[in-house]
Amino acid sequence: MTTQLPLTRRTLLGSGFAAAAVTLSPTLKAQEVIMPASGPFWPNDARLAVSFSLMFEAGGQPISGAGGIIPDPIEKGLPDLPTNAFFQYGIYEGIPRILDLMDKYQVKLSSFMVGQAIEKAPDLAREIVRRGHEAAAHGRAWQNSYALDPDAERRFIAEGAASIEKITGQQPLGWNAYWMRNSQHTLDILQSLGFQYHIDEPSMDQPFIIKLKGGDFVTVPYTLHMNDIVSFPFGSWNPDAYEQALKDEFDQLYEEGAHKRRMMVVSLHDRISGHANRVRVLDRFLAYAKSKAGVWFARKDEIAAYALAHRPQTPVFDRGAPAISGLPGSSA
């Protein structure tokens, strides 16, 4: 029997983190919310997980009409040479510089790769994996796929994943859609293709499990406010503000991590965070974060695997169809 409870902080985070079943509204399917009864929240009793994403997109964009830093749109159909060169910076300079920074601090990240992008720079994709980072999927091309019919969407995802496996030797387990926009069928398609998690939901500061028709599927939440392409575009770049935002995010979550599972996510793009002055900011932040005890710097596949292996400590949601809930889940 489902207990009717109001959705409040006390309901979700109450004494002892008791399990609760919550009905959000008469039109939504009841949500099962299972909160941790006790720790450990992370491996080795870490109080905070920090995870970096690196979007490998350069070369997957259309040669005309891709979004960039030039506000004046190019005439339709003509190759946008400076915008394409802006993307190419990620291949020539950005990704190598970020990889060197991660080596300096012995941090492993998750790289979400566009299939067409790594087909044009296969050696760089292999280098990412050779250095111990995760190869995850970001579609066949750098474009929307949510409006495709289910068969076409399946091909879009599968073809990008096949390119990653062929080039890097690593089967992608994680998925990130173009601007996070998936269809009502995406999670079911991903699960059927062998994926274990997606990141296309900026709704929590910890991983959680979604109950799909095919079984458990993990969400390792995304971030918008710590995403370089959203919060810190070139036109309003403020390195001091970005560095302070990173530290404030870390400090707050680290403090909360003493009594509940917390995760900090930072999203980087090949052509944006790989610039010299931005890497300097990331360098200072990593030095700061590395100075704190009890921090787990983790790839997203590691976080997903830990959530699945520690299901009693992981929130579990049974949402029903996205057309009803408005949130990712199994299609009707």
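Parameters at a glance
Per chain, the residues get numbers from 1 upward, laid out in the order the sequence is written. Per-residue local features of the predicted model are confined to residues with pLDDT of at least 70, and side-chain atom pairs are confined, for both listing and counting, to 80 or more; whole-chain, interface and lining totals are unaffected and use all residues. Hydrogens are left out, water is left out, and the side-chain values use all remaining heavy atoms of the structure. Each residue's exposure class comes from its accessible area (1.4 Å probe, protein chains only) as a fraction of the maximum for that residue type: buried when under 20%, exposed when over 50%, partly exposed otherwise. In this description a helix means any DSSP run of H or I spanning at least four residues, a strand means any run of E spanning at least two, and both kinds are numbered starting from the N terminus. Strand pairing requires that DSSP identify at least two bridges connecting the strands. Stacked, edge-to-face and tilted labels apply to pairs of Phe, Tyr and Trp rings (six-membered ring for Trp) whose centres lie within 6.5 Å, assigned for plane angles under 30 degrees, over 60, and everything in between, in that order. Placement of a charge over a ring requires the Lys NZ or Arg CZ to be within 6 Å of the ring centre, with the centre-to-atom vector within 35 degrees of the ring normal. The term polar contact refers here to a pair of N or O atoms within 3.5 Å; inside protein, the definition further demands a hydrogen-donor-capable atom paired with an acceptor-capable atom, and it admits residues adjacent in sequence only when both atoms are side-chain atoms. The contact criterion used throughout is that any non-hydrogen atoms of two residues lie within 4.5 Å. The salt bridge definition used is simple: a Lys or Arg side-chain nitrogen within 4 Å of an Asp or Glu carboxyl oxygen. Every axis in this analysis is a line fitted to C-alpha atoms, fitted for helices over the stretch in contact. Angles between the N-to-C directions lie between 0 and 180 degrees. Each angle gets one of four labels, with under 35 degrees taken as roughly parallel, over 145 as roughly antiparallel, 65 to 115 as roughly perpendicular, and the rest as oblique. By the definition used in this description, the sense in which the near helix is turned from the far one sets the handedness, with an anticlockwise turn below a right angle giving left-handed and a clockwise turn giving right-handed. Whether a crossover is right-handed depends on one test, that the path from the first strand over the helix to the second runs clockwise when the strands point away from the viewer. Note: the arc covers the axis-to-C-beta directions of the helix. Working rule for helices: expected span equals 1.5 Å times residues minus one. Residues forming no salt bridge and having over 30% relative accessible area are the ones grouped into patches, like charges within 9 Å of each other and nonpolar side chains (Val, Leu, Ile, Met, Phe, Trp, Tyr) within 5 Å. Note that accessible areas follow from Shrake-Rupley with a 1.4 Å probe, and for residues the cover is restricted to the protein chains shown. Among buried residues, the Ala, Val, Leu, Ile, Met, Phe, Trp, Tyr and Cys ones that are joined through side-chain atoms within 4.5 Å form a nonpolar core.

Draft legend 1. Just the pairing of strand S3 (residues 48-56), in detail. With 9 of its 9 residues buried, S3 lies for the most part within the structure. Both faces of S3 are covered, namely the face carrying Leu-48, Val-50, Phe-52, Leu-54 and Phe-56 and the face carrying Ala-49, Ser-51, Ser-53 and Met-55. Where S3 lies against strand S10 (residues 263-269), 7 bridges are found, and the strand directions are parallel. Looking at the pairing, Phe-52 lines up with Val-266 of S10. Pairing between S3 and strand S4 (residues 110-113): 4 bridges, direction parallel. Within S4, the position partnered with Phe-56 by the bridge is Met-113.

Draft legend 2. Fine view of the packing of aromatic side chains. What the rule picks out here adds up to 10 aromatic pairs. Ring geometry for Phe-208 and Phe-317: centres 5.2 Å apart, planes at 75°, overall edge-to-face. Placement of the pair is Phe-208 in strand S8 (residues 208-212) and Phe-317 in strand S12 (residues 316-317), with a sequence separation of 109 residues. Across the pair, Phe-317 and Phe-208 agree in class, each one buried. Through a chain of ring-to-ring contacts, the aromatic side chains of Phe-86, Phe-87, Trp-142 and Tyr-178 assemble into a single cluster. If you follow Arg-47 out to its NZ or CZ, it ends over the ring of Tyr-254, 4.2 Å from the centre.

Draft legend 3. Spotlight on the side chain of Glu-201. Counting through the fold element by element, Glu-201 comes out in the loop between strand S7 (197-198) and S8. Exposure remark for Glu-201: the relative accessible area of 3% places this residue in the buried category. There is a polar contact of 2.6 Å between the side chain of Glu-201 and the side chain of Ser-203. When residues no more than four places from it in sequence are discounted, the contact partners of Glu-201 are Phe-208, Ile-210, Thr-219, Pro-221, Tyr-222, Arg-319, Leu-327 and Pro-328.

Draft legend 4. Focus on the pattern of salt bridges. This model, assessed by the stated rule, comprises 18 salt bridges. Here Glu-57 ties to Arg-271 by a salt bridge, and the two come within 2.8 Å at their closest N and O atoms. Taken together, the positions of Glu-57 in the loop between S3 and helix H2 (81-105) and Arg-271 in the loop between S10 and helix H9 (276-290) put the pair 214 residues apart, joining distant regions of the chain. Ionic pairing is found between Asp-216 and Arg-311, a salt bridge with its closest N-O pair at 2.7 Å. Of this pair, Asp-216 sits in strand S9 (residues 215-219) while Arg-311 sits in the loop between helix H10 (300-309) and S12, and the two are 95 residues apart along the sequence. Among the charged side chains, a network of salt bridges with common partners joins Asp-100, Asp-103, Glu-127, Arg-130 and Arg-131.

Draft legend 5. Spotlight on the packing of H2 against H9. Direction vectors running N to C along H2 and H9 enclose 20°, while the axes themselves pass 10 Å from each other. By the angle between their axes, H2 is roughly parallel relative to H9. Helix-helix and strand crossings are classified by hand; for H2 and H9 the assignment is right-handed. From H2, Tyr-89, Arg-97, Ile-98, Leu-101, Met-102, Lys-104 and Tyr-105 reach across to H9, where they touch Ala-276, Val-279, Leu-282, Asp-283, Leu-286, Ala-287 and Lys-290.

Draft legend 6. View of the pairing of S4. Residues of S4 alternate between two faces, with Ser-110 and Phe-112 on one and Ser-111 and Met-113 on the opposite face, all of them buried. Taking the sense of rotation as the criterion, the β-α-β connection linking S3, H2 and S4 turns out right-handed. Two strands pair when backbone bridges link them, and S4 and strand S5 (residues 134-137) are joined in this way by 4 bridges, in the parallel orientation. For Met-113, the partnering residue across the bridge sits in S5 and is Ala-137.

Draft legend 7. Quick peek at helix H4 (residues 122-130). Buried within H4 are the following residues: Leu-124, Ala-125, Ile-128 and Val-129. Seen along its axis, H4 keeps its buried residues to an arc of 145°; they face one direction. Along H4, exposed side chains directed more than 90 degrees from the buried face belong to Asp-123 and Arg-130. Buried-residue contacts for H4 involve S3, H2, S4, helix H3 (115-120), S5 and helix H5 (150-168). Of the residues one or two after H4, Gly-132 is the one with positive phi, at around 95°.

Draft legend 8. A look at H9. End to end, H9 covers 21 Å across 15 residues, agreeing with the expected 21 Å (1.5 Å per residue, within 8%). Taken residue by residue, H9 has Arg-278, Val-279, Val-281, Leu-282, Asp-283, Phe-285, Leu-286 and Ala-289 as its buried positions.

Draft legend 9. Inspection of a nonpolar patch on the surface at higher detail. There is a patch of nonpolar side chains on the surface, built from Trp-179, Leu-224 and Val-230 and spanning about 260 Å² of accessible area. Residue position: Leu-224 is located in the loop between S9 and helix H7 (228-231).

Draft legend 10. A look at unusual backbone geometry. The phi torsion at Asn-44 lies on the positive side, around 55°, for a residue other than glycine. Note that Asn-44 resides in the loop between strand S2 (31-33) and S3.

Draft legend 11. Up close: the nonpolar core. Judged by nonpolar contacts, the single largest core of 65 residues is most densely connected at Phe-52, Phe-56, Leu-246, Phe-250, Met-264 and Leu-268. Broken down by element, the residue count for this core peaks at 9 residues, all from H2. The contact partners of Phe-250, leaving out residues within four places of it in the chain, are Leu-48, Val-50, Met-264, Phe-285, Tyr-288, Ala-289, Lys-292 and Val-295. One finds Trp-42, Ala-46, Met-263 and Val-265 within the second-largest nonpolar core, a separate group that totals 23 residues.

Remember that the coordinates give geometry; whether it matters functionally is a separate question.
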